[in-house]
Amino acid sequence: FFFSFLNSSDAFTLRFTSSESQHITLVFLGETPGEAVESAGRILDVVDGRHKRFSCRVCGTGAFPTPSRPRVLWAGVDPVEPFQAIAADLKAQLAD
C-alpha cells in the first residue's frame, strides 16, 4: 500500500513499508523531546473524544519529495474535512 524508494544511482529499489509505519499525518511535530511527546499523546486522547467516527476512502496518489526522485509514495483520503477539523483542533490544543 505505501512504499519507500531507496535510491541507488539512477535505479530505484522498491521496499514495502510495514503496516505499523502507515499513518495519516494530522500535525507534524518534528524533533520533539520525550516529555512533549507524552503531553501530545494526552492531548490527542482529549481531541479524539471530541470528534465522531467517520469513514473515508483512499484516493489520489503522489510522491515525496518529487515524482522524479521519489522516496515515499503517498495516498490521499476523501473526505478531507473530518481530518482537517481534527488537525485544527490538535493544532489549537498543542499551541496552548
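Keep in mind the model is a prediction, meaning the values are calculated, not measured.

Cut-off values and rules
Residues numbered from 1 in each chain as written. Predicted model: local features only at pLDDT ≥ 70, side-chain atom pairs only at ≥ 80, totals over all residues. Heavy atoms only, no water. Helix = DSSP H or I, 4+ residues; strand = E, 2+ residues; numbered from the N terminus. Contact = heavy atoms within 4.5 Å. Areas by Shrake-Rupley, 256 points an atom, 1.4 Å probe, with all protein chains shown as cover. Phe/Tyr/Trp six-rings, centres within 6.5 Å; stacked < 30°, edge-to-face > 60°. Buried < 20%, exposed > 50% of the residue type's maximum accessible area, 1.4 Å probe, protein only. Expected span 1.5 Å × (residues − 1). Arc of directions from axis to C-beta. Axes fitted to C-alpha atoms, helices over the stretch in contact; angles between N-to-C directions. Parallel < 35°, antiparallel > 145°, perpendicular 65-115°, else oblique. Left-handed = near helix turned anticlockwise from the far one by under 90°. Nonpolar A, V, L, I, M, F, W, Y, C, P; charged D, E, K, R; others polar. Patch = residues over 30% accessible without salt bridge, like charges linked within 9 Å, V, L, I, M, F, W, Y side chains within 5 Å. Salt bridge = Lys/Arg side-chain N within 4 Å of Asp/Glu carboxyl O.

Explain the overall build of the protein chain here, please?
Secondary structure summary: the protein chain contains two helices and four strands in total. Sequence-ordered secondary structure for the protein chain, helices as α and strands as β, is β-β-α-β-β-α. For the protein chain, long-range pairs separated by at least 24 residues make up 49% of all intrachain contacts whose partners lie at least 6 apart in sequence. Per element, the accessible surface of the protein chain, about 7,300 Å² overall, is 58% carbon and sulfur.

Looking at this model, I keep getting lost on the packing of aromatic side chains. Mind explaining?
Each aromatic ring pair is described using two quantities: the centre-to-centre distance and the angle formed by the ring planes. Counting across every chain of the model gives one aromatic pair. Centroid distance Phe54 to Phe83: 5.0 Å. Interplanar angle 85°. Geometry classified as edge-to-face. Taken together, the positions of Phe54 in the loop between α1 (34–49) and β3 (57–66) and Phe83 in helix α2 (residues 81–95) put the pair 29 residues apart, joining distant regions of the chain. By relative accessible area, which is 15% here, Phe83 ends up buried.

Help me out: how do you make sense of α1 in this one?
Each α-helix turn comprises 3.6 residues. Residues three or four places apart therefore point the same way. Taking 1.5 Å per residue as the helical rise, α1 with its 16 residues ought to reach 22 Å, and the 23 Å between its terminal C-alpha atoms agrees with that figure. Those residues of α1 not exposed but buried are Ala40, Ile43 and Val47. In an axial view of α1, the angular spread of the buried residues amounts to 60°, which keeps them on one side of the axis. The exposed set on the far side of α1, more than 90 degrees from its buried face, consists of Glu35, Glu38, Arg42, Asp45, Asp48 and Gly49. The inward-facing, buried residues of α1 abut α2.

How should I be thinking about the packing of α1 against α2 in this particular structure?
Relative placement of two packed helices is described by the angle separating their axes and the distance separating the axes. At a minimum axis distance of 10 Å, the contact between α1 and α2 shows a crossing angle of 135°. As the angle between them shows, α1 and α2 are arranged oblique. Note that α1 runs across α2; the crossing there is right-handed. Across the interface between the two elements, Ala40, Ile43, Leu44 and Val47 of α1 pack against Ile86, Asp89, Leu90, Gln93 and Leu94 of α2. Among the residues forming the contact of α1 with α2, the class breakdown is seven nonpolar, one polar and one charged.

Looking at this structure, I do not really get a nonpolar patch on the surface. What am I missing?
Together, Phe64, Val72 and Trp74 line one region of the surface with nonpolar side chains, adding up to about 310 Å² of accessible area. Of note, Val72 is situated in strand β4 (residues 69–78). By relative accessible area, which is 34% here, Val72 ends up partly exposed.

So far we have only geometry, and geometry alone does not tell us how the molecule works.
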